[in-house]
Amino acid sequence: PPPSPPPPSPPPPFTCECSWTERHACPNAPVPGNRFPFYAQDDGTECFTYCCPPSPPSPPPPPPSVTQEVFDVFGALLRDFPKLFPMMVGLFRNTCA
């Protein structure tokens with residue numbers, strides 16, 4: 001299961017009024033604001049960070065999976081092993097003799 005989200009941040013020790021985000025949407029908002037410039041720019045203030053929290057980090061990439069090609073190779077080896085085994089034994093005997 002995915003990890004649980006972190007607990008909410010405590011209230012800021014400052015007061016921020018965020019209605020401006022209707023006019024100038026946060027940079028990571030899916031919909032632009034209704035006034036130009038339609039997206040706000042980070043001015044480095046605590047209120048900007050409070051009103052426009054950063055996007056959560058991207059999830060890690062999925063672990064590598066075994067491809068169909070690997071299964072095909074193993075399938076071919078298992079299928080052909082009865083024919084290959086006597087040849088391998090013969091080669092082994094010839095090189096060790």
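Small disclaimer: the values here were computed from a predicted structure and weren't measured.

Draft legend 1. Main features of the nonpolar core. Among the nonpolar cores identified, the biggest contains 7 residues, and these are Cys16, Trp20, Cys26, Ala40, Phe48, Cys51 and Cys52. When residues no more than four places from it in sequence are discounted, the contact partners of Cys16 are Cys47, Tyr50 and Cys51.

Draft legend 2. Layout of the state of the cysteines. If you walk through the whole model with that rule in mind, you get 3 disulfides. Two residues, Cys26 and Cys52, share a disulfide whose sulfurs are 1.9 Å apart. As the torsion about the S-S bond is roughly -80 degrees, the Cys26-Cys52 disulfide counts as left-handed. Of this pair, Cys26 sits in the loop between α1 (20-23) and α2 (46-51) while Cys52 sits in the loop between α2 and α3 (68-96), and the two are 26 residues apart along the sequence. Assessed through its relative accessible area of 7%, Cys52 is described here as buried. With cysteine numbering restricted to those in disulfides and following the sequence, the protein chain has the pairing 1-4, 2-5, 3-6.

Draft legend 3. Fine view of the packing of aromatic side chains. Summed over all chains, the structure comprises 2 aromatic pairs. Between Trp20 and Phe48 the ring centres are 6.0 Å apart and the planes differ by 20 degrees, which places this aromatic pair in the stacked class. Of this pair, Trp20 sits in helix α1 while Phe48 sits in helix α2, placing them 28 residues apart in sequence. The pair Trp20 / Phe48 is uniform in exposure class, with both members buried. Here the aromatic rings of Phe36 and Phe38 are separated by 5.8 Å at their centres, their planes lie at 85 degrees, and the arrangement is edge-to-face. For Phe38, a relative accessible area of 39% puts it in the partly exposed group.

Draft legend 4. Here's a closer look at unusual backbone geometry. Cis geometry is adopted by the peptide bond preceding Pro37, which originates at Phe36 and carries an omega value of -10 degrees. Tracing the backbone shows Pro37 in the loop between α1 and α2.

Cut-offs and rules
Residues numbered from 1 in each chain as written. Predicted model: local features only at pLDDT ≥ 70, side-chain atom pairs only at ≥ 80, totals over all residues. Heavy atoms only, no water. Core = buried A, V, L, I, M, F, W, Y, C linked by side-chain atoms within 4.5 Å. Buried < 20%, exposed > 50% of the residue type's maximum accessible area, 1.4 Å probe, protein only. Contact = heavy atoms within 4.5 Å. Disulfide = S-S within 2.5 Å. Helix = DSSP H or I, 4+ residues; strand = E, 2+ residues; numbered from the N terminus. Phe/Tyr/Trp six-rings, centres within 6.5 Å; stacked < 30°, edge-to-face > 60°.

Note that every value here comes from positions in space, so none of it alone points to a role or purpose.
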